[in-house]
Amino acid sequence: MSENKDTIVVNATVELTTQSLETIVDIAKQITGRNEKGYYQVDTAGMVSRMISRFLLENDFESFVKNSDNYT
C-alpha cells in the first residue's frame, strides 16, 4: 500500500458512520471465516485502520492538507 511513500503510523480518534463500521465487520467476517471452534477471530480495528490508511493514500490526502481552507 505505501511502498512508494515515506509514512508513519498515527493513532487517532476517527468519526465514521455506524453503517461503515458494520459493513467493515461483516466483510471482514466473510473474508476470514470462523475458526475451528466456530468463532470469528478478526482484528476489526486493524481492518478499519488499513481501510482508512488506504483511502487517504489513494485519494491524495497530502494535497488536501496543503490547502489551509480545509482546516476550518
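This text follows the structure it describes.
Definitions and cut-offs
- Residues numbered from 1 in each chain as written.
- Predicted model: local features only at pLDDT ≥ 70, side-chain atom pairs only at ≥ 80, totals over all residues.
- Heavy atoms only, no water.
- Helix = DSSP H or I, 4+ residues; strand = E, 2+ residues; numbered from the N terminus.
- Rg over C-alpha atoms; globule rule 2.2 N^0.38 Å.
- Buried < 20%, exposed > 50% of the residue type's maximum accessible area, 1.4 Å probe, protein only.
- Areas by Shrake-Rupley, 256 points an atom, 1.4 Å probe, with all protein chains shown as cover.
- Lys, Arg positive; Asp, Glu negative; His and termini not counted.
- Charge placed at Lys NZ, Arg CZ, Asp CG, Glu CD.
- Patch = residues over 30% accessible without salt bridge, like charges linked within 9 Å, V, L, I, M, F, W, Y side chains within 5 Å.
- Salt bridge = Lys/Arg side-chain N within 4 Å of Asp/Glu carboxyl O.
- Axes fitted to C-alpha atoms, helices over the stretch in contact; angles between N-to-C directions.
- Parallel < 35°, antiparallel > 145°, perpendicular 65-115°, else oblique.
- Left-handed = near helix turned anticlockwise from the far one by under 90°.
- Contact = heavy atoms within 4.5 Å.
- Nonpolar A, V, L, I, M, F, W, Y, C, P; charged D, E, K, R; others polar.

1. Here we look at the overall build of the chain
Here comes step 1: Looking only at helices and strands, the chain has three helices and zero strands in total.
Here comes step 2: Taken from the N to the C terminus, the helices and strands of the chain come in the order α-α-α.
Here comes step 3: Compactness check: the chain gives a C-alpha radius of gyration of 16 Å against a globular reference of 11 Å for 72 residues, more than 25% above the reference.
Here comes step 4: By its C-alpha atoms, the chain is 50 × 30 × 20 Å across when sized along the principal axes.
Here comes step 5: Burial analysis of the chain (72 residues in total) assigns 7% to the buried set.
Here comes step 6: Carbon together with sulfur atoms contributes 51% to the accessible area of the chain, which is approximately 6600 Å² in total.
Here comes step 7: Mean positive and mean negative side-chain charge positions of the chain (7 and 11 charges, respectively) differ by 8 Å.

2. Things to note about a nonpolar patch on the surface
Here comes step 1: Side chains of F55, L56, F61, F64, V65 and Y71 sit close together on the surface and give an oily, nonpolar patch of about 600 Å² of accessible area.
Here comes step 2: Among the secondary structure elements, those contributing two or more residues to the nonpolar patch are α2 (44-58) and α3 (61-66).
Here comes step 3: Among the elements that make up the nonpolar patch, the one with the highest residue count is α3 (three residues).
Here comes step 4: Its location among the elements puts F64 in helix α3.
Here comes step 5: Residue F64 is classed as partly exposed on the basis of its relative accessible area of 43%.

3. What about the packing of helix α1 (residues 18-32) against α2?
The packing of two helices is summarised by the inter-axis angle and the distance between the axes.
Here comes step 1: At their nearest, the axes of α1 and α2 sit 10 Å apart, and the two run at 115° to each other. The pairing of α1 with α2 is recorded here as roughly perpendicular in orientation. Here α1 and α2 pass one another in a crossing that is right-handed. In this structure, α1 uses L21, I24, V25 and A28 to contact α2, whose residues at the interface are T44, M47, V48 and M51.
Here comes step 2: Its residues placed into classes, the contact of α1 with α2 shows seven nonpolar, one polar and no charged.

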